[in-house]
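# Fold and geometry: a report
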Amino acid sequence: IVTPAGGNVFLIAPQVENKGIIRAPSGEIVLSAGTTVRFIDANFPSIQVEVTASAGKDLPLGNLGSAAAGKVFAFVVKQSGVVSASAASIADGGKVVLRSAGEVQLAAGSRTEAVGAAVGGTVEVEAPRVLVAHAGSIDVSGASGGGRVAILGENVLFAGTIDAAGSFGGIYQS
């Protein structure tokens, strides 16, 4: 999946797995797993619609009025390819968000990046359980400054690499 500069990619499903390449130069990439989706208007954040699918059933979003309440349980986001929100020119890097109600896995050999030609972007990984395999990499580097990496979870196993290099460094939050 490739977008033009500033484009966004949102993959939302009970289970999300990337084995290919997703590129959104200077844009935002969100891979999110669960049974509940909350739609928020960026211009009016107080206006929100939350839709929950029953376990094991599809929810056609054309009929929001009949959304039945369900229970969110363990789901997995598995990233084993390339997810890139890197800038193609002199711009800052974009943003990659990998979030799950259960587990996020960055497989061996995976690349998750928000590299900026000037300043690196942001990579956020959040789930109760986060696994970053040996040889899995996160890159938010930039020539002028490194970006931000946030890995948040109750149980985090990190065996990969983070590159937040830049003339004034980057931020890593765990």
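How each quantity is defined
Residues numbered from 1 in each chain as written. Predicted model: local features only at pLDDT ≥ 70, side-chain atom pairs only at ≥ 80, totals over all residues. Heavy atoms only, no water. Pairing = 2+ DSSP bridges. Helix = DSSP H or I, 4+ residues; strand = E, 2+ residues; numbered from the N terminus. Axes fitted to C-alpha atoms, helices over the stretch in contact; angles between N-to-C directions. Buried < 20%, exposed > 50% of the residue type's maximum accessible area, 1.4 Å probe, protein only. Contact = heavy atoms within 4.5 Å. Salt bridge = Lys/Arg side-chain N within 4 Å of Asp/Glu carboxyl O. Core = buried A, V, L, I, M, F, W, Y, C linked by side-chain atoms within 4.5 Å. pLDDT = per-residue confidence, 0-100.

Turning next to the sheet that holds strand 11 (residues 111-113). The parallel open sheet is built from five strands, whose spatial order is 3-8-11-14-17. This sheet does not close on itself; its edge strands, each paired only once, are strand 3 (21-23) and strand 17 (161-163). Shown here is a sheet whose adjacent strand axes are inclined to one another by a mean of 10°, direction ignored. As paired strands, strand 3 and strand 8 (residues 82-84) are joined by three bridges and run parallel to one another. Directly across from isoleucine 21, in strand 8, lies its bridge partner valine 82.

A separate point is the environment of serine 144. Within the secondary structure, serine 144 is located in the loop between strand 14 (137-139) and strand 15 (148-152). Under the relative-accessibility criterion, serine 144 is labelled partly exposed at 36%. Spatially, the C-alpha atom of serine 144 lies 8.5 Å from that of glycine 169, the residues being 25 residues apart in sequence. The contact partners of serine 144, leaving out residues within four places of it in the chain, are Ala118, Val119, Gly166, Ser167 and Phe168.

Let us now look at the sheet that holds strand 7 (residues 76-79). If you trace the five strands from one edge of the open sheet to the other, you get 2-7-10-13-16, paired in parallel fashion. Each end of this open sheet is capped by a strand with a single partner; those strands are strand 2 (16-18) and strand 16 (155-158). Mean inter-strand twist for the sheet, computed between neighbouring axes without regard to direction, equals 5°. Alignment of strand 13 (residues 129-132) against strand 16, held across four bridges, turns out to be parallel. Within the sheet, the bridge partner assigned to leucine 131 lies in strand 16 and is leucine 157.

Once that is clear, we can look at the pattern of salt bridges. For the structure shown, the criterion picks out eight salt bridges. Glutamate 113 is the partner of arginine 23 in a salt bridge, and the nearest nitrogen-oxygen pair spans 3.8 Å. One end of the pair, arginine 23, is in strand 3; the other, glutamate 113, is in strand 11, and 90 residues separate them in sequence. For arginine 23, a relative accessible area of 29% corresponds to the partly exposed category. As a salt-bridge pair, arginine 99 and glutamate 124 come within 3.4 Å of each other at their nearest N and O atoms. In this pair, arginine 99 is assigned in strand 9 (residues 95-100) and glutamate 124 in strand 12 (residues 122-126), connecting sequence segments 25 residues apart. Arginine 99 gets classed as partly exposed once you look at its relative accessible area, which sits at 35%. Taking relative accessible area as the criterion, glutamate 124 reaches 15% and is therefore assigned buried.

It is worth spelling out the side chain of threonine 112 at this point. Mapped onto the secondary structure, threonine 112 falls in strand 11. Assessed through its relative accessible area of 0%, threonine 112 is described here as buried. Dropping the residues within four chain positions of it, threonine 112 is found in contact with Gln79, Val83, Val96, Leu98, Leu106, Val123, Ser137, Ile138 and Asp139.

Counting residues in hydrophobic clusters, the biggest one holds 24 residues, and the most contacted among them are Ile29, Leu98 and Val125. If you tally residues by element for this core, the top one is strand 4 (residues 28-33), at three residues. Apart from residues no more than four positions distant in its own chain, leucine 98 is found in contact with Leu31, Val77, Gln79, Val104, Leu106, Thr112, Glu124, Val125 and Glu126.

Here we take up the confidence of the model for the chain. Looking at the chain, the pLDDT average stands at 77 and 76% of residues meet or exceed 70. Long-range and interchain partners of residues 59-74, a stretch whose pLDDT sits below 50, account for 23 contacts in this model, where long-range means more than four residues apart.

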